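# Architecture at a glance
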Amino acid sequence: MLLQLLTAVAALAGAACSLLAEGSGAGAISGILPFTAGGFIYLGTVSVLPEILRDSGPAQALLQLLALLAGVAMMLLIAHYE
């Protein structure tokens, strides 16, 4: 329960930081965007990938891995064209 409280407080702190950095321009975005994208990639590879490989067959695991890579590619496209 304490860890859930810690993650909730961290989420609240992140929301507060993003609201405070709203008007600071491109400098804040260039620092926050890689951190956020890295967090998503880390979660996808560390927590989701082992579950995919353990619970599915090779064809299904390949499709899910391709979907994960497509998500990473979408993040790169959004970062590039934003």
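Residues numbered from 1 in each chain as written. Predicted model: local features only at pLDDT ≥ 70, side-chain atom pairs only at ≥ 80, totals over all residues. Heavy atoms only, no water.

### A look at helix α1 (residues 2-20)
- An ideal rise of 1.5 Å per residue puts 27 Å on 19 residues; α1 measures up with 27 Å between its terminal C-alpha atoms.
- Of all 19 residues that make up α1, zero are buried, and the element is exposed over most of its length. (Helix = DSSP H or I, 4+ residues; strand = E, 2+ residues; numbered from the N terminus. Expected span 1.5 Å × (residues − 1). Buried < 20%, exposed > 50% of the residue type's maximum accessible area, 1.4 Å probe, protein only.)

### Some thoughts on the UniProt feature "transmembrane region" (unreviewed entry) in the protein chain
- The positions that UniProt labels "transmembrane region" (unreviewed entry) are, in the present scheme, residues 31-49 and 61-81.
- In residues 61-81, the share of helix is 100% and the share of strand is 0%. The end C-alpha atoms are 30 Å apart. (UniProt positions renumbered as here; feature names shortened; annotations may be inferred.)

### Comments concerning the environment of L69
- Structurally, the position occupied by L69 is in helix α3 (residues 58-81).
- Taking relative accessible area as the criterion, L69 reaches 48% and is therefore assigned partly exposed.
- Sequence separation of L69 and L43 is 26 residues, and the distance between their C-alpha atoms is 13 Å.

### Some thoughts on the UniProt feature "signal peptide" (unreviewed entry) in the protein chain
- UniProt tags residues 1-17 as "signal peptide" (unreviewed entry).
- Secondary structure across residues 1-17 divides into 94% helix and 0% strand, with the first and last C-alpha atoms of the span separated by 24 Å.

### A few points about the environment of M1
- Note on placement: M1 falls in the segment before α1.
- Counting along the chain gives 81 residues from M1 to E82, while the straight-line C-alpha distance between them is 38 Å.

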